[in-house]
Amino acid sequence: MDILGIMKIGASALKAQTIRLNVISSNLANIETTRTPEGGAYRKKSVVFTSKETGFAEELANSTRIRAKGVRVERIATDPGEGKKVYDPSHPDADAGGYVEKPNISLVEEMTDMMKAKGSYDANITTIKTAQRMAMKALEIGR
Amino acid sequence: MPVKGIFDPTIRVLDKVLGLRTQKLEAISANIANAETPGYSRIRVDFETALHDAVNGAGGGQARTHPGHLSGTAGLENFQAIVNREKDLSGIGDRNSVNREQEMVELSENQIRFDAAVRMLSKKFGMLKFVIQEKG
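Residues numbered from 1 in each chain as written. Chains lettered and ligands numbered in written order. Predicted model: local features only at pLDDT ≥ 70, side-chain atom pairs only at ≥ 80, totals over all residues.

Broken down by element type, chain B carries three helices and two strands. Going from N to C terminus, chain B has its helices and strands arranged as α-β-α-β-α. In chain B, which comprises 136 residues, the share counted as buried stands at 26%. In chain B, once contacts between residues fewer than 6 apart in sequence are set aside, the share between residues at least 24 apart is 71%. (Helix = DSSP H or I, 4+ residues; strand = E, 2+ residues; numbered from the N terminus. Buried ≥ 20, exposed ≤ 12 C-beta atoms within 10 Å, placed from the backbone. Contact = placed C-beta atoms within 7 Å.)

Below is the structure:
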């Protein structure tokens, strides 16, 4: 594989981490949302990462050695867990007993996830920069 | 006197090293990209010891039993890195065996060694250039 292919692996991870950050900010924005088009309170969303699939022909050509792959977001999963119920009879979304279901989002969890996403993003920026530096260095041979 | 290969074994070894270092970079960047993919086993590319043995004709290399046989470095053309996957054996978490810190260390080490090989190759070519230049 050439250096550009290596940079593509890094780029796939940057894309995946951006989607993750998108989902986190959606969760944080909706931390108090009690009404959604699907009905009920907003549910926490999270990304599912999977190793990027390569095409069959590509796989066949490289069958002699272990193939390095990038990453992609397979799907965005919804956490089915119940949210916290808060007693607030005056709330428009309160049930017959006066309880309102809040989204099942933990602020601390989301902030931690955000820091991890940033860490991964930075690490992948470093690999791309390293690949670039190595390619530029190789151009200096014989100069 | 026929010129029996302008490019000496050192150049061939360095050339091979650049390819192997690129392959290692590919594995490291895939590992870092998949640092949070559940069930991912890190790819490990190993060639330092094997390459050393191949160059010196020790270990796995065959001994020269006849002067007509090719020397140890001839095996370089077909030299391949040992690539395998390291499974996560801790039994906890999401079965991902990537340690991002370890990968970052390997990344910078790999880069430094790549640069060293490039520099040595440049010096070798510089020497060749020097000897073939016309006296002005």
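Another aspect to go through is the interface of chain A and chain B. Listed by partner, the interface residues are 31 residues for chain A and 28 residues for chain B. For the side of chain A that touches chain B, the secondary structure elements donating two or more residues are α1 (3–29), β1 (45–51) and α3 (107–138) of chain A. In terms of residues, the side of chain A that touches chain B owes the most to one element, α3(A), which gives eleven residues. Here the side of chain A that touches chain B is built from residues that sort into 14 nonpolar, eleven polar and six charged. (Nonpolar A, V, L, I, M, F, W, Y, C, P; charged D, E, K, R; others polar.)

What follows covers helix α3 (residues 100–132) of chain B. Helix length check: α3(B) (33 residues) gives 48 Å between terminal C-alpha atoms against 48 Å at 1.5 Å per residue, within 8%. Among the residues of α3(B), those classed as buried are E103(B), L107(B), N110(B), F114(B), A117(B), V118(B) and L121(B). Turning to α3(B), the residues buried within the fold contact α3 of chain A together with α1 (9–33) of chain B. (Expected span 1.5 Å × (residues − 1).)

On to the packing of α3(A) against α3(B). Axis angle and axis distance: for two packed helices, these are the angle between their axes and the distance between the axes, and together they describe the pair. The N-to-C vectors of α3(A) and α3(B) enclose an angle of 10°; their axes lie 10 Å apart at closest approach. The angle between α3(A) and α3(B) falls in the class roughly parallel. Along the contact surface, α3(A) presents A123(A), T126(A), T127(A), T130(A), R133(A), M134(A), K137(A) and A138(A), while α3(B) presents R100(B), M104(B), L107(B), Q111(B), F114(B), D115(B) and V118(B). (Axes fitted to C-alpha atoms, helices over the stretch in contact; angles between N-to-C directions. Parallel < 35°, antiparallel > 145°, perpendicular 65-115°, else oblique.)

Glancing now at the nonpolar core. One finds A27(B), A30(B), A33(B) and A117(B) to be the most contacted residues of the largest nonpolar core, which totals 34 residues. Those elements giving two or more residues to this core turn out to be α1, β1 and α3 of chain A together with α1, β1 (42–46) and α3 of chain B. Those residues in contact with A30(B) that sit more than four places away from it in its chain are I9(A), A68(A), K69(A), G70(A) and I43(B). (Core = buried A, V, L, I, M, F, W, Y, C linked by C-beta atoms within 7 Å.)

Glancing now at unusual backbone geometry. Residue and element names in this part refer to chain B. The phi angle at R95 is positive, at roughly 60°, despite the residue not being glycine. Relative to the assigned elements, R95 resides in the loop between β2 (82–86) and α3. Looking at R95, the number of C-beta atoms within 10 Å reads 15, which means it is partly exposed.

With that out of the way, let us pick up the environment of F114(B). With respect to the helices and strands, F114(B) occurs in helix α3. For F114(B), a count of 22 C-beta atoms within 10 Å puts it in the buried group. When the C-alpha positions of F114(B) and L14(B) are compared, they lie 9.4 Å apart, and in sequence the two are 100 residues distant. Discounting residues that sit within four places of it in the chain, F114(B) has contacts with M134(A), K137(A), L18(B) and R21(B).

So, about the confidence of the model for chain B. Confidence along chain B averages 82 in pLDDT terms, with 81% of residues attaining 70 or more. Here helix α2 (residues 48–56) of chain B stands out as the least confident element of chain B, with mean pLDDT 83; α3(B) is the most confident, with 92. (pLDDT = per-residue confidence, 0-100.)

Right, let's get into the confidence of the model for chain A. Put simply, chain A has an average pLDDT of 86, and 90% of its residues get 70 or more. Across chain A, the element-wise mean pLDDT spans from 56 in helix α2 (residues 56–61) of chain A up to 93 in α3(A).

What follows is about the packing of α1(B) against α3(B). Residue and element names in this part refer to chain B. Across the interface, α1 lies against α3 with an axial gap of 9 Å and an inter-helix angle of 160°. Considering the angle they form, α1 stands roughly antiparallel to α3. Seen along the crossing, α1 lies across α3 with a hand that is left-handed. Listed contacts from α3 to T10, I11, L14, V17, L18, R21, K24, L25, I28, N31 and I32 of α1 are R100, E103, E106, L107, N110, R113, F114, A117, M120, L121 and K124. When its residues are assigned to classes, the contact of α1 with α3 shows twelve nonpolar, three polar and seven charged. (Left-handed = near helix turned anticlockwise from the far one by under 90°.)

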